[in-house]
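# Tertiary structure, described
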Amino acid sequence: MNLYEFQAKELIGRFGIDIPRGRVAGSADDAERLARRMAFPRFAIKAQIHGGGRGIAGGVRFASSPDDARIVAGELLAKPLVTSQTKPSGERVRWVYVEEAFDIAQEIYAAVVVDRARGDLELLVSAAGGVDIEERAAADPRVIARFPVDVTMSPPESDFIGAAHAVGLTGGIAQKAAEVFANMARVATGLDATLVEINPLAITTDGRMIALDAKLSIDPNALFRHPALAALRAQIQMDEGDPKELAADRHQINYQKMDGRIGVVVNGAGLALATNDMLIDAGGKPANFMDIRTTASSLDIAYGVGVILENPATQVVLINIHGGGMQRCDTVAEGVAVALRRARRQVPLVVCFAGNNADFARTRLKGAGVSFIDARDMSDAVSHVMSIVAKAAA
Amino acid sequence: MAILVGGDTRLLCQGLTGRAATYHMARMTAYGTRLVAGVTPGKGGRNHLDAPVFNTVREAADATGANASMLFVPPETAAKAMIEAIEAEIPLVVVVTERVPVMDMVRVRQALKGSKTRLVGPNSQGILVPGVCQVGVMTTVNARSGVVGIVSRSATLTSEVMAQTTRAGLGQSATVGVGGDPVHGLSLKDGVELFLEDPQTEAIVVIGEIGGYGEEEVAEFVAAVRPGKPIVAFVAGRHAPLERRMGHAGAFSTEGGGAANPKIAALQAAGVSISPNAALVGQTVALQLHRAKSEPIRSL
């Protein structure tokens, strides 16, 4: 679960990290009003999006008066922001963050991140913070210094002062940086954040150390111990999530709509990816990605299949199920039969059942009066699907 | 012979008295797995599925000589249960639980360092040695004892490849699920290493998917070791849309994880044979085994 900058800043601020004073605005009018009230000599106006690369894409602007803030905020809110990390169509800007602008002496990069290959938590620092850090690190990996964080200690421990020295700081300002790094590690373990990134961590001309931008990613599997964040996630999903995908999720199904015409029903993420790979290799276009989790009941499955049948683009449905120890073929067959009984339209059905209770599932589906093409194996199923697609196109 | 588990496995089950554990453990014992103890805090002293139940792993291990533990513990307490098993020096711990918090797994990984325990999972379907021992929740309908070792990140694809290798007349020495979580115990590379040492295993299948660096690690290992057994890999998700990245850290750490094509390229460059799709893994292994037997690998 990725948080917006303003949400991330509020949270890291609670852990003792210095953040600029600022407010969120949803309109140009709001931006002006808030700027007038805060009365800073200069304002940073920042588009709130999840994707990175915002600075280079023009998503961070400055204003020297409330009137100026109004104009800049209006421009940022007017259209989606396209960056190197967003979809090509960009990301909608629902809010801008209006905050105090600073005179910066130096910008540092700092992140505390779960490293999946090493299976540990690491502090990454670089003396060269700012918008193009990624390119510079790609050109020379030594730009980034890494320090493992010991999470068995509370608070978590690492060579925080060594990290401050690694970015070239000494004396009192090094102490300050070490404190920020230690607090970032506390954010990671305290909030179950898999990413705590401050870029830039700015040293101002008057010697303050301030988090000018912050990114925070919270582990959704840990929300049971963070009820406030769970509520925030529910809100974010309601605002931004696809209602069908969210409903499918409640039915123990991972569903993502795609832009093709072949509906796909699969159990297991690996098999689901592999099935879509085979269809696309054969020249087909999946209408969706679907992974039925092991915990889905037949009625959950009926819901998922129903979503696919209701999609007007769906021309044919491929059901590729490998029954396992926890999700058997016959449970899926039952769900499919229910969905078809409810459906307002019929599309050709290609079914490949294998593994646990495959024969029983075929019998059940036939017994329910469902007509379907009974594929021998995955290759056979894909070729049946492709010939149906070809016929429909002719 | 097999890897990780076998006829001498004396299994204890943490969370035995729960519903899912009861269902799956009954299937495992019916398959021939020897269940020697259960652990459920507060329920010590009972019997469940003909096995004595203890309050702690240490008590259970001391009383029964258990040498492996399988966890059916909910995500909230799974890490605590894993660490309890590690501290009791259980040599093998297999975890089925899904959705364990990542930070908990980071803590478990720290507990594993220097310990005597090998962890499989979490979010793993477990380990199957066909005809001998099942420590997992997989289906066994298409399992046949044989020569192919399967190590995998995906439970359903394992099951599919099991069926294919059985159909090809090869059978399996063992199947191991490393689990789908970002931070886990046994890696794909560890699985390959174990299968290379196992005399029953004549060929190895590695099933990967997008995300993480497990496949790249296998490629590095294979390139360095130049193993004498054919290795076939399949990586799912070649056409999957890339996940949107956030922040820069993903670019310099391994937080984000990889697309399928670089994984496939790395494996291929290391000499691993790639199955073009999920349906052809069995045939690809059969072909590689045939080639290996008809022209023995020359030492370099």
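Residues numbered from 1 in each chain as written. Chains lettered and ligands numbered in written order. Predicted model: local features only at pLDDT ≥ 70, side-chain atom pairs only at ≥ 80, totals over all residues. Heavy atoms only, no water.

Looking only at helices and strands, chain B has 10 helices and 14 strands in total. A compact globule built from 300 residues would reach a C-alpha radius of gyration of about 19 Å, and chain B, at 19 Å, matches this within 12%. Projected onto its principal axes, the C-alpha positions of chain B cover 60 × 50 × 30 Å. Scored against the burial criterion, the 300 residues of chain B give a buried share of 58%. Across chain B, the fraction of contacts at a sequence separation of at least 24, relative to all contacts at a separation of at least 6, is 73%. Within the structure as shown, chain B displays about 11500 Å² of accessible surface, and the carbon and sulfur contribution to it stands at 51%. Here chain B contributes 27 positive and 25 negative side-chain charges, whose respective centroids are spaced 3 Å apart. (Helix = DSSP H or I, 4+ residues; strand = E, 2+ residues; numbered from the N terminus. Rg over C-alpha atoms; globule rule 2.2 N^0.38 Å. Buried < 20%, exposed > 50% of the residue type's maximum accessible area, 1.4 Å probe, protein only. Contact = heavy atoms within 4.5 Å. Areas by Shrake-Rupley, 256 points an atom, 1.4 Å probe, with all protein chains shown as cover. Lys, Arg positive; Asp, Glu negative; His and termini not counted. Charge placed at Lys NZ, Arg CZ, Asp CG, Glu CD.)

Split into domains, chain A comes out as domain 1 (1–19 + 104–241), domain 2 (21–101) and domain 3 (243–393). Summarising the inter-unit geometry, the C-alpha centres of domain 2 of chain A and domain 3 of chain A are found 44 Å apart. (Domains from an automatic or database assignment.)

This part takes up the pattern of salt bridges. Side-chain pairs of opposite charge can arise where the charged atoms are in close proximity. All chains considered together, the criterion is met by 40 salt bridges over all chains. The residue A:Glu100 makes a salt bridge to A:Arg21 at a minimum N-O spacing of 3.3 Å. One end of the pair, A:Glu100, is in strand S4 (residues 96–100); the other, A:Arg21, is in the loop between helix H1 (5–14) and strand S1 (22–25), with 79 residues separating them in the sequence. Across the pair B:Asp104 and A:Arg225 runs a salt bridge whose closest N-O atoms are separated by 2.8 Å. Separated into two different chains, B:Asp104 in helix H4 (residues 102–112) and A:Arg225 in the loop between strand S10 (214–218) and helix H7 (227–240) make up a pair that spans both. What makes A:Arg225 partly exposed here is its relative accessible area of 32%. Here the salt bridges do not stand alone but share partners, grouping A:Glu5, A:Lys9, A:Lys46, A:Arg54, A:Glu99, A:Asp213 and A:Lys215 into one network. (Salt bridge = Lys/Arg side-chain N within 4 Å of Asp/Glu carboxyl O.)

What follows covers helix H13 (residues 378–393) of chain A. Relative to the 22 Å expected for 16 residues at 1.5 Å per residue, H13(A) spans 23 Å between its end C-alpha atoms, a close match to the ideal helical length. On its buried face, H13(A) is in contact with strand S12 (262–267), helix H9 (269–281), strand S14 (316–323), strand S15 (349–355) and strand S16 (373–374) of chain A together with helix H5 (155–167) of chain B. For H13(A), the N-terminal cap is A:Asp377; the gap from its side-chain oxygen to the backbone nitrogen of A:Ser379 is 3.2 Å. (Expected span 1.5 Å × (residues − 1). Polar contact = N/O pair within 3.5 Å; in protein donor to acceptor, adjacent residues only side chain to side chain.)

So, on to the sheet that holds strand S6 (residues 92–95) of chain B. Residues and elements named next belong to chain B. Strands sit in the order S3-S4-S2-S1-S5-S6-S7 across an open sheet of 7 strands; the sheet is mixed. Lying at the two open borders of the sheet, with one neighbouring strand each, are strand S3 (47–48) and strand S7 (118–120). Pairing analysis gives 5 bridges linking strand S1 (residues 10–14) to strand S2 (residues 34–39), with the strands arranged parallel. Within the sheet, the bridge partner assigned to Arg10 lies in S2 and is Arg34. (Pairing = 2+ DSSP bridges.)

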